[in-house]
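Understanding the architecture of this molecule
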Amino acid sequence: MTIVGLPDTAVQEAKERVRSAIRNCGLTFPQKRITVNLAPADIRKEGPAYDLPIAIGIVIASQQVAADASSSLFLGELSLDGQVRHTHGILPMAALARERGIGSVFVPAADACEAALIEGVEIIPVASLGQLAAHLQGLAPIAPFDREAAAAPTAEPLWEGVDFCHIKGQEHVKRALEVAAAGGHNVLMSGPPGAGKTLLARALPSILPSMTSGEALEVTKVYSVSGLLPSDRPLISQRPFRSPHHTISNAGLVGGGRQPRPGEISLSHRGVLFLDELPEFGHSVLEAIRQPLEDRVVTVSRAQGNVTFPANFMLVGAMNPCPCGFWGDPTKECTCSPLTITRYQKRMSGPLLDRIDIFADVPRVEYEKLADDALGEHSEQVRQRVERARSRQQQRFAGTRLICNAEMTPLEVRQHCQGVLEDGAKSLLRLAMNQLALSARSFHRVLKLARTIADLAGSEAITTPHVAEALQYRQRGSG
Ligand SMILES: Nc1ncnc2c1ncn2[C@@H]1O[C@H](COP(=O)(O)OP(=O)(O)OP(=O)(O)O)[C@@H](O)[C@H]1O
Ligand SMILES: [Mg+2]
């Protein structure tokens, strides 16, 4: 038996699994030369999902089973005893089946819930090759997966976060995070050690708006391909929050490898990528996320062709203003030389910083605030406001591919921001542009931020206070 059509090792090894599985479920493996051609020949075939279709192909071609499989898709890995095992990436393959107008999709029984997220195709759960053969012969039909009976989504969250009410002081940083969550803007927090930057970032998931069903499906596809989908919950309904360590490789962050896998930026799709201790990340790693930050997708090139993964994420960074951490602190003196400070801050290139919408200084919290027993505002209250601002954006962008304000291109900025600027806001903006020497990109960022702030305030027009608050987020203080 030979397999042609650029199979990888896992596909090559299908030979052994298929031969053994066919024998072990009471069928016979034909004693002749078999060539399995995986067309088209120029695309590399990866992974064990081809086991089941190869086995069914052999069984039908050797006339042991008479069935018309022309409008069915078979997917799944076989074990040597003929069981059909859990296989990665079932969701996007089921989605493709619907696009191609394929009526029934045969998937591993363990993955049926996942495949059933795709409406409009019949999902047939297969436990073993023997069961499938009996089904195709009409001996013991398998009942299609019942979406109604299975629909019992678990409500408990996947990622446990910190509640805003437990963070003392830092009101302006909390507000900045609220604006960021409402419009999907990138944030950089800078401040001395122990001020609460990591804590604030970890609280962010608790104020993020819920995902639409379309968004949830997009995220779930990425996790399905990566094999990270928890088996007890086929649909990821909570926004991802990823915080990779700064020793991560380029491929780990943006995706890649010999068989291209989604990186952290794709796993953060529609959610948050948190880079703690931002300057510690390697220069080339930070440069690698510049393009995806702009394009919101990432293309990984390989000899066998390109793979494009979604990467529409919100970047949240945290850093100290200098290596010792106290530069700009009103009481504690910084022990770094000016050269070390410059070198430290140079680790992040200007173009990367230009992609940050909100700069937030996180100063040390005073004793009075820390010792105060009163709880602050609960995350849920903040989340309600964020949710309302998001639904305004959804109405605005209905019928387009945009979801939040941060995604607006210059065309939409003109339409939804410049068009609704009040006169006072216009003159403030003109003044700021001249005095702060903002770049064209910064100008658009201020407008988008002002749009989000107006959305939070429930206002269609952008007024002077909205622009003033937006401008405040563009100022880099000590950091
Ligand atoms: N505003 C705050 N309210 C309540 N606790 C706080 C606050 N700020 C800091 N803490 C406490 O201090 C600890 C350290 O904070 P955190 O790890 O967020 O600091 P950091 O700013 O990330 O410091 P570093 O720059 O060293 O990473 C927190 O786990 C928390 O217990
Ligand atoms: Mg920290």
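Every chain is numbered on its own, with residues counted from 1 as its sequence reads. Chains carry letters and ligands carry numbers; both start at the beginning, A for chains and 1 for ligands, and go up in the order they are written. Whole-chain, interface and lining totals are the exception, using all residues; otherwise, since this is a predicted model, local features are given only for residues with pLDDT of at least 70 and side-chain atom pairs are given and counted only at 80 or more.

**Remarks on the overall build of the protein**
Scanning the protein from N- to C-terminus turns up 22 helices and 16 strands. Each principal axis of the C-alpha atoms in the protein carries an extent, and together these give about 85 × 45 × 45 Å. In the protein, which comprises 479 residues, the proportion classed as buried is 41%. We call two residues in contact whenever the C-beta atoms placed from their backbones are within 7 Å. For the protein, restricting intrachain contacts to residue pairs at least 6 apart in sequence, the fraction spanning at least 24 positions comes to 72%. Put simply, DSSP marks the helices as runs of H or I at least four residues long and the strands as runs of E at least two long, and each gets a number from the N terminus on. Note on burial: count the other C-beta atoms lying within 10 Å of the residue's C-beta; 20 or more is buried, 12 or fewer is exposed, in between is partly exposed, and C-beta positions come from the backbone.

**Looking at the domain arrangement of the protein**
All domain edges in this entry derive from an automatic or database-based domain assignment. For the protein, the assigned domains are domain 1 (2-150), domain 2 (164-381) and domain 3 (408-472). For domain 1 versus domain 2, the separation of C-alpha centres amounts to 40 Å. Listed per partner, the contact involves 14 residues of domain 1 and 13 residues of domain 2. Among the secondary structure elements, those contributing two or more residues to the side of domain 1 that touches domain 2 are α4 (90-99) and α5 (112-115). At three residues, α4 tops the list of elements feeding residues into the side of domain 1 that touches domain 2. Classification convention: Asp, Glu, Lys, Arg as charged; Ala, Val, Leu, Ile, Met, Phe, Trp, Tyr, Cys, Pro as nonpolar; all other residues, Gly among them, as polar. Split by residue class, the side of domain 1 that touches domain 2 holds eight nonpolar, two polar and four charged.

**Notes on the sheet that holds strand β15 (residues 314-319)**
Spatially, β9-β12-β15-β8-β16 is the arrangement adopted by the five strands of the open sheet, whose pairing is parallel. Looking at the sheet topology across the chains shown, the edges are occupied by β9 (241-242) and β16 (358-361). Direction of pairing for strand β8 (residues 187-190) relative to β16: parallel, over a ladder of four bridges. When the sheet's bridge partners are listed, S190 is paired in β16 with D361. Sheet contacts for helix α8 (residues 171-183): β8, β15 and β16; angle to β16, the most-contacted strand, approximately 160 degrees. Strands are labelled as partners when DSSP assigns at least two bridges between them. For helices, the axis comes from a line fit to the C-alpha atoms of the stretch in contact; other axes are also lines fit to C-alpha atoms, and the angle between any two N-to-C directions lies between 0 and 180 degrees.

**What to know about the environment of L267**
If you trace the backbone, L267 turns up in helix α12 (residues 264-267). For L267, a count of 24 C-beta atoms within 10 Å puts it in the buried group. L267 sits 20 residues away from T247 along the chain, and the two C-alpha atoms are 17 Å apart. With near-sequence residues (within four places) excluded, L267 lies in contact with V222, S226, P240, R242 and P262.

**A word on the site of ligand 1**
Around ligand 1 sit 15 residues, and of these P193, G196, K197, T198 and L199 come closest. Looking at the shell around ligand 1, the element that brings in the most residues is helix α9 (residues 197-203), giving three residues. Looking at the shell around ligand 1 residue by residue, the class counts come to six nonpolar, seven polar and two charged. By definition, a residue lies near a molecule or strand provided its backbone-derived C-beta atom is within 6 Å of it.

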